[in-house]
Amino acid sequence: MGRKAKYTKEQKVQACEDYLSGRKSSEQIKIELNMGKRGASLVLEWVKSYRVNSHSIFDNKSTNNKYSKEFKEMVVQEYLQGHGSSLDLAVKYGIPKCSTVLNWVNKYNSHRELKGYNPKPEVYMADTLKVSKEKKIEIIKYCIDHNHDYKGTAEFYGGNYAQIYNWVKKYESKGEDALEDRRGKRKSEEQLTNLEKAQRRIAELERINRRQEMELELLKKDEAFEKTYFASLPKAKRIYLIRKQKIKDYSLIQSLHENRNWPINEMCSIMGISRSAYYKWLHSSPSFKQLDKQHEDERITSRIKEISNSNNSLFGTMTMYYTLRNEGYGCGHNRVYRLMCINDIKSSYRRRSRYNYIRSNAEHTAENILNRDFNATGPNQKWCTDVTEIKIPTTGEKLFISPMIDLYDRFPVALEVSNMNDAFLADQTLKNAHNAYPEATPLVHSDRGFAYTRQVYKFQLDEYGMSQSMSRVSKCIDNGVCEGFQGQFKDMLFILYPNITSKEEMRQAIKGTLDYYINHYPQKRLNGKTCGQVRKESLEQNEFTQYPIIPAIRYVRYWNEIESKKKHQKEIIIEEIKNNPNQIGTGC
């Protein structure tokens, strides 16, 4: 019986008429009929068939087409002699698909016989035969002698095709004994002899012992512990370990089946594994795409381990992703996260210390001109500075570092190290920054520390043509960029150089960390570039690439809520004033 057509005859005829008349293109017809990728080419095939055979080519048929051996050989010869393509011959002889012609050609070229189609549908629907064992053997031998012609044998003896087929397979595999009908002939307990009862009992005990042996061999694990352990892992690591465990289970089943001949169905039942899943794994082989992905994962993982070992696991997922991207690796940040998670490569997180503010008497203060506007359209427009201490882990000795950061690209235009937190440290930082960029006249922002509130520091800024901005009292967030840089810098330093024992080693470590930050530490805000790369690009061109700070959604939502509450409170006060105008100005 033919299959139900996806498109009706009327749709096909209309499509051909529209195309031939020029009203619509094949692409337009494809879209209207919601056809797939090959829709346009399929429309052209319809048109070609329609031109030769008219609308009768689209008639629905209740049975499959029948072609004789001679007809198939004639079509193949025409194809091989170049009298037309497979599509041309299919149209010429009314064959629905050109792939049918190609199948005939492939069979002919591989020296296989082109048989005439003789379905004999009655042999599939015939009743089963009920004959003796001797008659079965006669039918089987007739079928074997006639080159396993199951259809012909079923038609000759009046049986069912499937029944004849099963008899022949049983006879060929197990002989005449397999033809015995043993259905419903199991003896009851009363009919058994003592010996048969003992044999049946032994067989039952052997089955129970084998089941227990398989359970002991297969279930040597603490499932409760595994569930608790897996639940505590990240999703990527958990999925990886579960897949790895399944492959181990499949391999164990295969090994026990081959070495001890244990039944696969029973072992799958004990381990709670689908038998179809086991066989799918057993007969599957990785595709070229999967092998390429596996090799690429191994290559990326190897490089991730090299980078992690070189900087003592300094980088997290995004920083590692930017580094790999700069080196030409074609991978996304999710892939980097998965590979780092699977291989237990973790970034070292900083430890935040409590901030203690010491009040000082200021000689000079400046307004907060910066006002937390940390964006800059070009280099040397806005600088920020601060001083922080850093301790040597083994001795507890202190050094103080004073950076000057450009807000455009987070580039440290100057960074000084001193044994003391004094005014000279702040003055020297400003001097070195001016010497590095003598023509720069930026806005210099700092906190209200004693070193920055001196008149001498103000005079020095005026001499360099720079303007001054200061944070509000006890508002560290006003100088957030410099505060963040200092914490990040110290975090990197102790990860890159964990075994510092003296001040001289600390100074060398600070120098090495500064070089690493400038040249080897990619940043998300800079589109994966290092601040050294951005600084070099900005100094070589007149137009500067913008790297705006994207506001955090939670902060925006927080301030919107504050403004909304203020507005609501103001509306309440106004409403109360309107309702009680006489109470204005009255006191208690």
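All values reported here derive from a predicted model rather than from experimental measurement. (Residues numbered from 1 in each chain as written. Predicted model: local features only at pLDDT ≥ 70, side-chain atom pairs only at ≥ 80, totals over all residues. Heavy atoms only, no water.)

Enquirer: Could you give an account of unusual backbone geometry, naming the residues involved and the relevant values?
Expert: The phi torsion at Asn-371 lies on the positive side, around 55°, for a residue other than glycine. By the secondary structure assignment, Asn-371 is in the loop between helix H18 (333-342) and strand S1 (382-385). With a phi close to 60°, Asn-527 is a non-glycine residue in the positive phi region. With respect to the helices and strands, the residue Asn-527 is situated in the loop between helix H22 (503-520) and helix H23 (531-540). (Helix = DSSP H or I, 4+ residues; strand = E, 2+ residues; numbered from the N terminus.)

Enquirer: Kindly report on the packing of aromatic side chains, identifying the contributing residues and their values.
Expert: Within this structure, the stated rule accounts for 20 aromatic pairs. Between the aromatic rings of Tyr-517 and Tyr-521, the centroid separation amounts to 6.2 Å while the plane-to-plane angle is 25°, which identifies the pairing as stacked. Each member of the pair, Tyr-517 as well as Tyr-521, carries the same accessibility label: buried. Taken together, the ring pairs in this structure connect Phe-315, Phe-485, Phe-489, Tyr-516, Tyr-517 and Tyr-521 into an aromatic cluster. (Phe/Tyr/Trp six-rings, centres within 6.5 Å; stacked < 30°, edge-to-face > 60°. Buried < 20%, exposed > 50% of the residue type's maximum accessible area, 1.4 Å probe, protein only.)

Enquirer: Any details on a positive patch on the surface? Residues and values, ideally.
Expert: A cluster of basic residues, Arg-243, Lys-246, Lys-289 and Lys-293, forms a positive patch at the surface. Mapped onto the positive patch, the elements with two or more residues apiece are helix H13 (235-260) and helix H16 (288-310). Positionally, Arg-243 belongs in helix H13. (Patch = residues over 30% accessible without salt bridge, like charges linked within 9 Å, V, L, I, M, F, W, Y side chains within 5 Å. Areas by Shrake-Rupley, 256 points an atom, 1.4 Å probe, with all protein chains shown as cover. Salt bridge = Lys/Arg side-chain N within 4 Å of Asp/Glu carboxyl O. Lys, Arg positive; Asp, Glu negative; His and termini not counted. Charge placed at Lys NZ, Arg CZ, Asp CG, Glu CD.)

Enquirer: Residues and numbers for the packing of helix H8 (residues 133-145) against helix H9 (residues 150-157), please.
Expert: Close contact between H8 and H9 brings their axes to 9 Å; oriented N to C, the two are set at 135°. The angle between H8 and H9 falls in the class oblique. As H8 packs across H9, the resulting crossing turns out to be right-handed. Listed contacts from H9 to Lys-135, Glu-138, Ile-139, Tyr-142 and Cys-143 of H8 are Tyr-150, Thr-153, Phe-156 and Tyr-157. (Axes fitted to C-alpha atoms, helices over the stretch in contact; angles between N-to-C directions. Parallel < 35°, antiparallel > 145°, perpendicular 65-115°, else oblique. Left-handed = near helix turned anticlockwise from the far one by under 90°. Contact = heavy atoms within 4.5 Å.)

Enquirer: Give me the lowdown on the pairing of strand S4 (residues 411-418), citing residues and values where you can.
Expert: Where burial is concerned, most of S4 is hidden: six out of the eight residues are buried. Looking at chain direction, strand S3 (residues 398-406) and S4 are connected through seven bridges and run antiparallel. Residue pairing across strands places Phe-400 opposite Ser-418, the latter belonging to S4. Between S3 and S4, which pair antiparallel one after the other, the connecting turn spans four residues, and Arg-410 there sits at a positive phi close to 60°. (Pairing = 2+ DSSP bridges.)

Enquirer: Could you give an account of a nonpolar patch on the surface, naming the residues involved and the relevant values?
Expert: Where nonpolar side chains cluster on the molecular surface, the patch consists of Tyr-555, Tyr-558 and Trp-559 and spans about 370 Å² of accessible area. Structurally, the position occupied by Tyr-558 is in helix H24 (residues 553-579). Among the residues examined, Tyr-558 registers a relative accessible area of 44% and is labelled partly exposed.

Enquirer: Describe the environment of Asp-478, listing the residues and the values that go with them.
Expert: Within the element layout of this structure, Asp-478 appears in the loop between strand S6 (467-470) and helix H21 (480-496). Asp-478 gets classed as buried once you look at its relative accessible area, which sits at 0%. Along the sequence, Asp-478 and Leu-370 sit 108 residues apart, while their C-alpha atoms lie 8.1 Å from each other. The residues touching Asp-478, leaving out its near neighbours within four places in the chain, are Asn-368, Leu-370, Arg-372, Phe-374, His-445, Ser-471 and Arg-472.

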